[in-house]
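Structural features, examined
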Amino acid sequence: MTVDKFAALATANAPGQEVRQAAGNVGNLMRGGRIAGHPIDFSHGDVDAFGPTPGAADRFSEALVAGGRQAYTEYRGSADIRSELSEVLAAFTGAPVSADNGTIVTPGTQGALFLAVASLVNAGDKVAIVQPDYFVNRKLVEFVGGYPVPVAMDYLGSSPDSGLDLAQLKDAFKAGARVFLFSNPNNPTGVVYSRREIGEIARLAAAFDVMIIADQLYSRLLYANQNYAHIRAAGLPEDRVITIMGPSKTESLSGYRLGIAFGAPAVIERMEKLQAIVSLRAAGYNQAVLRTWFREPKGWLEERIARHQAIRDDLLGVFRDGSMPTREPQAGSYLFPTLPPLGVGLQDFVRLLRHQADVIVTAGTEFGPCPNNIRLNFSQDHTAAMAAGRRIVEMAHRYRK
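This write-up is about the structure you can find in this document. The structure presented is a predicted model; accordingly, all values stated were derived computationally and were not measured. (Residues numbered from 1 in each chain as written. Predicted model: local features only at pLDDT ≥ 70, side-chain atom pairs only at ≥ 80, totals over all residues. Heavy atoms only, no water.)

Another aspect to go through is the sheet that holds strand β12 (residues 374-377). Taking strand neighbours across the sheet as the criterion, the 3 strands line up as β9-β12-β11 in an open arrangement whose pairing is antiparallel. The outermost strands of the open sheet, each flanked by one partner alone, are β9 (334-335) and β11 (362-363). Note that β9 and β12 share 2 bridges and pair antiparallel. Along β12, the bridge assignment pairs L335 with L376. (Pairing = 2+ DSSP bridges. Helix = DSSP H or I, 4+ residues; strand = E, 2+ residues; numbered from the N terminus.)

Here it is as structure tokens:
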């Protein structure tokens, strides 16, 4: 049973892990020669192309000099930093945040997801999960003994809505799911749930006494004229929602491993107790970097969004011209293009891309039953991303059935 439990956590095809894969039999599958180009890794954002928030290294250095009082904070994080964060997060999300009882600093948003799921899901519990959605969600639920109940998202055909099947969500709650875990903006598609959808999710959650875990990691990186509705401000009681955010992606601070969870005080308390035996706390010196979050220089975030939007638009053009249907992301830095029918399997195609065209992508099957998709994080050098996108299209057509 233990062997099976950990086998289900398979990481070979997870984002960032592709570089560990052997070439396997790709030589036997290869059509044509190599396609020359600058190597690019679309499995995660490039923090050289988009550097960390100004001042982050200074805050870390100051904490290091301060020593012990920064190194050993409360398990839920520095009280001073939580106090500062509660104010900016309340203003950002439109609902009060308790610094003392409703906020915890975690080792990355991944750490927050694990703590939240483990604090809310018992063996045998049903959890509603969107397909496609972040690849960790299903794995976490299954690891703690829960049962994912899939809810479809027609992301290609539902603009301006996300395309979430609200009837299926209601059916999942009727079937006994008492937790709904979802990312907004959605990872991997970049779609944002409309205000109408968020309102209906809140209404259904209230009617069926469902707990919400909302991963809002990319909720600051919204493209032009895009509205965003925070589920915690949609009328649900405070004790029914846990929101997870952090500065790792939009702000390129992933190396500091910082996440924030805020909301239901009873759940935050459980998360702290679990964190105390898993990792103790988010790294003490690193926590000081959060003092730069939401305090970037004037115009910094707007410029970052504009640069990402330019890459998004150009890559969309490449894939659409190459007959690869792709939903326009409304936020975040992910594209989820649909491949043409291939004469090789998806995993083989992903390996071929890496070994024949120097392009690393993540297979769509990591995010749900999406055997015809690949995910790209386009937070990259613009010129290199465009060239790599054209190589993907060339490879997709080279390996068509």
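Right, picking up where we left off after that structure.
This part takes up the layout of surface pockets. Roughly 960 Å³ of internal volume is contained in the largest pocket. Only α6 (108-120), α7 (135-143) and β12 provide two or more residues apiece to the lining of the largest pocket. Partitioned by chemical class, the residues of the lining of the largest pocket number 17 nonpolar, 20 polar and 6 charged. Surrounding the second largest pocket, L120, R178, V179, D209, M211, D239, R240, A264, A266, V267 and R270 form its lining. With 3 residues, helix α10 (residues 265-278) is the largest single contributor of residues to the lining of the second largest pocket. Classifying every residue of the lining of the second largest pocket gives 6 nonpolar, no polar and 5 charged. (1 Å grid on protein atoms, 1.4 Å probe; cavity = no way out; pocket = protein on both sides within 12 Å on 5 of 7 lines; lining within 4 Å. Points joined across faces, edges and corners; volume = space filled by probe spheres on them. Nonpolar A, V, L, I, M, F, W, Y, C, P; charged D, E, K, R; others polar.)

We now examine the sheet that holds strand β7 (residues 241-245). Pairing between the strands of a sheet is mediated by backbone hydrogen bonds and can be parallel or antiparallel. The strand order β2-β8-β7-β6-β5-β3-β4 describes an open sheet built from 7 strands, whose pairing is mixed. With one partner strand each, in any of the chains shown, β2 (103-106) and β4 (147-152) form the two edges of the open sheet. The mean angle between the axes of side-by-side strands here comes to 20°, regardless of whether they run parallel or antiparallel. Pairing analysis gives 4 bridges linking β7 to strand β8 (residues 259-263), with the strands arranged antiparallel. Bridge pairing in β8 links M245 to I260. (Axes fitted to C-alpha atoms, helices over the stretch in contact; angles between N-to-C directions.)

Let's shift gears to the packing of aromatic side chains. Each aromatic ring pair is described using two quantities: the centre-to-centre distance and the angle formed by the ring planes. Across all of its chains, the model carries 15 aromatic pairs by this definition. Seen in terms of ring centroids, F173 and F208 are 6.1 Å apart; in terms of plane orientation they differ by 50°. Their pairing is tilted. Of this pair, F173 sits in helix α8 (residues 166-174) while F208 sits in helix α9 (residues 195-208), placing them 35 residues apart in sequence. F173 gets classed as buried once you look at its relative accessible area, which sits at 0%. By the ring-pair criterion, three or more aromatic residues cluster together here, those being Y134, F135, Y155, F336 and F367. A cation over an aromatic ring shows up here: R220 above the ring of F294, its NZ or CZ 4.1 Å from the ring centre. Directly above the aromatic system of Y223 lies the positively charged group of R312, at a separation of 4.6 Å from the ring centroid. (Phe/Tyr/Trp six-rings, centres within 6.5 Å; stacked < 30°, edge-to-face > 60°. Buried < 20%, exposed > 50% of the residue type's maximum accessible area, 1.4 Å probe, protein only. Lys NZ or Arg CZ within 6 Å of the ring centre and 35° of its normal.)

On to the pairing of β7, then. A large share of β7 lies buried, amounting to 5 of its 5 residues. Neither face of β7 is exposed, since V241, T243 and M245 on one face and I242 and I244 on the opposite face are all buried. Of the pairings in the sheet, the one linking strand β6 (residues 211-215) to β7 comprises 4 bridges and is parallel in character. Bridging across to β7, A214 finds its partner in T243.

With that settled, the discussion passes to the environment of T362. Within the secondary structure, T362 is located in strand β11. For T362, a relative accessible area of 0% corresponds to the buried category. Between the C-alpha atom of T362 and that of N373, which follows or precedes it by 11 residues, the distance is 8.8 Å.

Before going further, it helps to examine the nonpolar core. Judged by nonpolar contacts, the single largest core of 58 residues is most densely connected at L169, F180, I201 and I212. Considering every element that reaches this core, the biggest residue donor is α6, with 6 residues. Other than its neighbours up to four places away in sequence, L169 contacts A128, V151, L164, F180, I201 and L204. In terms of nonpolar packing, the next biggest core, distinct from the first, is built from 45 residues, F42, F319, Y334 and A384 among them. (Core = buried A, V, L, I, M, F, W, Y, C linked by side-chain atoms within 4.5 Å. Contact = heavy atoms within 4.5 Å.)

Attention shifts here to the packing of helix α13 (residues 346-357) against helix α14 (residues 382-398). Between α13 and α14, the least distance of the axes is 11 Å, while the angle of their chain directions is 125°. On the basis of their axis angle, the class for α13 and α14 is oblique. The interaxial crossing formed by α13 with α14 has right-handed handedness. Counted together, F349, L352, L353, Q356 and A357 of α13 and R391, I392, M395, A396 and R398 of α14 form the full contact between these two elements. Along the lines of polarity and charge, the residues of the contact of α13 with α14 split into 7 nonpolar, 1 polar and 2 charged. (Parallel < 35°, antiparallel > 145°, perpendicular 65-115°, else oblique. Left-handed = near helix turned anticlockwise from the far one by under 90°.)

Keep in mind these values describe shape, not function.
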